[in-house]
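Coordinates in review
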Amino acid sequence: RLRLGFTTFPSTDNAAGINLGIEDLFIQQTGLTVSADYQSAFNGDRNNVGADLHYFLLPLGSYFNLAPLVGYRYIQSNDFNTDGVHLGLRLMLALSRTGAGDISLSQSYLAPGDSKEVGITALSVGYGVTSKLRLSTDLEWQNSFSVKDSRARINLELLF
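Right, let's walk through the structure included here. Along each chain, residues carry numbers from 1 onward, in the same order as the chain's sequence is written. The model is predicted, so local features are restricted to residues of pLDDT at least 70 and side-chain atom pairs to those at 80 or more, both for listing and for counting; the totals for chains, interfaces and linings are taken over all residues. Side-chain metrics rest on all non-hydrogen atoms present in the structure, leaving aside hydrogens and water.

1. Focus: the overall build of the protein chain
Labels follow the DSSP assignment, with helices taken as runs of H or I lasting at least four residues and strands as runs of E lasting at least two, numbered in each case from the N terminus. Within the protein chain, the secondary structure is distributed over zero helices and 10 strands. Beginning at the N terminus, the succession of helices and strands in the protein chain can be written as β-β-β-β-β-β-β-β-β-β. The C-alpha radius of gyration computed for the protein chain amounts to 15 Å, which stays within 12% of the reference 15 Å derived for 160 residues, consistent with globular compactness. With the C-alpha coordinates aligned to their principal axes, the bounding extent of the protein chain is approximately 45 × 30 × 20 Å. Classification of residues uses two cut-offs on accessible area relative to the type maximum, computed with a 1.4 Å probe and protein chains only: under 20% is buried, over 50% is exposed, and between them is partly exposed. Within the protein chain, the fraction of its 160 residues that count as buried is 43%. Two residues form a contact once any of their heavy atoms are found within 4.5 Å. Contacts in the protein chain between residues far apart in sequence, at least 24 positions, make up 41% of those at least 6 positions apart. Throughout, radius of gyration means the C-alpha value; the globule benchmark is 2.2 Å times the number of residues raised to the power 0.38.

So this is what it looks like as structure tokens:
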């Protein structure tokens, strides 16, 4: 899925921005997918960029699936920034085998064990409008020792 969307950062004076990404690009018959995204507030106070590799533990097309994730991420929020290894677990509930609707919940950690570690909880809901076009929404909460942030997105996704 190719994604383009509008982002709002309620914890940063309701700053607004844009996000771009590619979601769940399958690597042949392996159960591996690659995702990459970029998001930025128009005022420059928030930036987030990263890429993740997911490995689905159950056969693709299952109504329920778990996927450990590993990747790299950079987060900047006002005066706080951190980057590093991104590790976590994603739970997928497919409401349709064709990708017409799904819900995912993930818990991950950026720079685990570091003094600037960030815990990230994300909830995403998507629904197919046509066979090639989806609408999705994401809510995300970022918690570190010094900063607590939140983000909400609404996206238009093109399936290919």
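2. Let's talk about a nonpolar patch on the surface
Each patch is built from residues that are more than 30% exposed by relative accessible area and take part in no salt bridge. Like charges join if they lie within 9 Å; nonpolar side chains (Val, Leu, Ile, Met, Phe, Trp, Tyr) join within 5 Å. In these tables, accessible area is a Shrake-Rupley quantity obtained with a 1.4 Å probe, and a residue counts as shielded only by the protein chains included in the view. We define a salt bridge as a side-chain nitrogen of Lys or Arg found within 4 Å of a carboxyl oxygen belonging to Asp or Glu. Judged by side-chain polarity, Leu 4, Phe 6, Ile 18, Leu 20, Tyr 38, Phe 42, Val 49 and Ile 154 come together as a nonpolar surface patch covering roughly 740 Å² of accessible area. Elements represented by at least two residues in the nonpolar patch include exactly strand E1 (2-9) and strand E2 (15-26). Position of Val 49 among the secondary structure elements: in strand E4 (residues 46-55).

3. Concerning the pattern of salt bridges
In this structure the tally under the stated criterion is 14 salt bridges. Note that Arg 3 is salt-bridged to Glu 23, the shortest N-O span being 3.7 Å. One end of the pair, Arg 3, is in strand E1; the other, Glu 23, is in strand E2, and 20 residues separate them in sequence. Using a relative accessible area of 8% as the deciding quantity, one classes Arg 3 as buried. By relative accessible area, which is 15% here, Glu 23 ends up buried. Where Glu 157 meets Arg 134, a salt bridge forms, and the shortest distance between an N and an O atom there is 2.8 Å. Residue Glu 157 is found in strand E10 (residues 148-158), and its partner Arg 134 is found in strand E9 (residues 133-144); the two are separated by 23 residues along the sequence.

4. Structural notes on the pairing of strand E5 (residues 64-77)
Think of it this way: DSSP has to see at least two bridges between two strands before they count as a pair. As paired strands, E4 and E5 are joined by nine bridges and run antiparallel to one another. Bridge pairing links Arg 46 to Ser 77 in E5. The antiparallel hairpin formed by E5 and strand E6 (residues 80-94) contains two residues in its connecting segment, where Asn 78 sits at a positive phi of about 55°.

5. Structural notes on the sheet that holds strand E3 (residues 32-41)
Pairing within the closed barrel is antiparallel, and its 10 strands lie in the order E1-E2-E3-E4-E5-E6-E7-E8-E9-E10. Looking at each pair of strands side by side, their axes are set apart by 20° on average, direction ignored. Note on geometry: axes are C-alpha line fits, over the in-contact stretch for helices, and angles between N-to-C directions span 0 to 180 degrees.

6. Points about the environment of Ser 136
Here Ser 136 shows up in strand E9. When the C-alpha positions of Ser 136 and Phe 26 are compared, they lie 19 Å apart, and in sequence the two are 110 residues distant. Those residues in contact with Ser 136, other than ones at most four positions away along the chain, are Arg 3, Val 125, Gly 126, Arg 153, Ile 154, Asn 155 and Glu 157. We define a polar contact as two N or O atoms separated by no more than 3.5 Å, with the added condition that, inside protein, one atom must be a possible hydrogen donor and the other a possible acceptor, whereas residues neighbouring each other in sequence contribute only through side-chain atom pairs. Here Glu 157 takes part through its side chain, which lies 3.0 Å from a polar atom of the side chain of Ser 136.

7. Re the packing of aromatic side chains
Any two rings among Phe, Tyr and Trp, with Trp reduced to its six-membered ring, count as a pair given centres within 6.5 Å; such a pair is stacked if its planes are under 30 degrees apart, edge-to-face if over 60, and tilted if neither. One pass over the full model with this rule turns up zero aromatic pairs. Counted as over-ring charges are cases with an Arg CZ or a Lys NZ within 6 Å of the ring centre that also lie within 35 degrees of the ring normal. Against the face of Phe 80 rests Lys 116, its NZ or CZ located 6.0 Å from the ring centre.

8. Here's the deal with the environment of Gly 101
Take Gly 101: it is sitting in strand E7 (residues 101-110). Considering only alpha carbons, one finds Gly 101 and Val 129, 28 residues apart in sequence, at a separation of 9.4 Å. When near neighbours in sequence (up to four residues on either side) are disregarded, Gly 101 contacts Ala 94, Leu 95, Ser 96, Gly 126, Tyr 127, Gly 128 and Arg 134.

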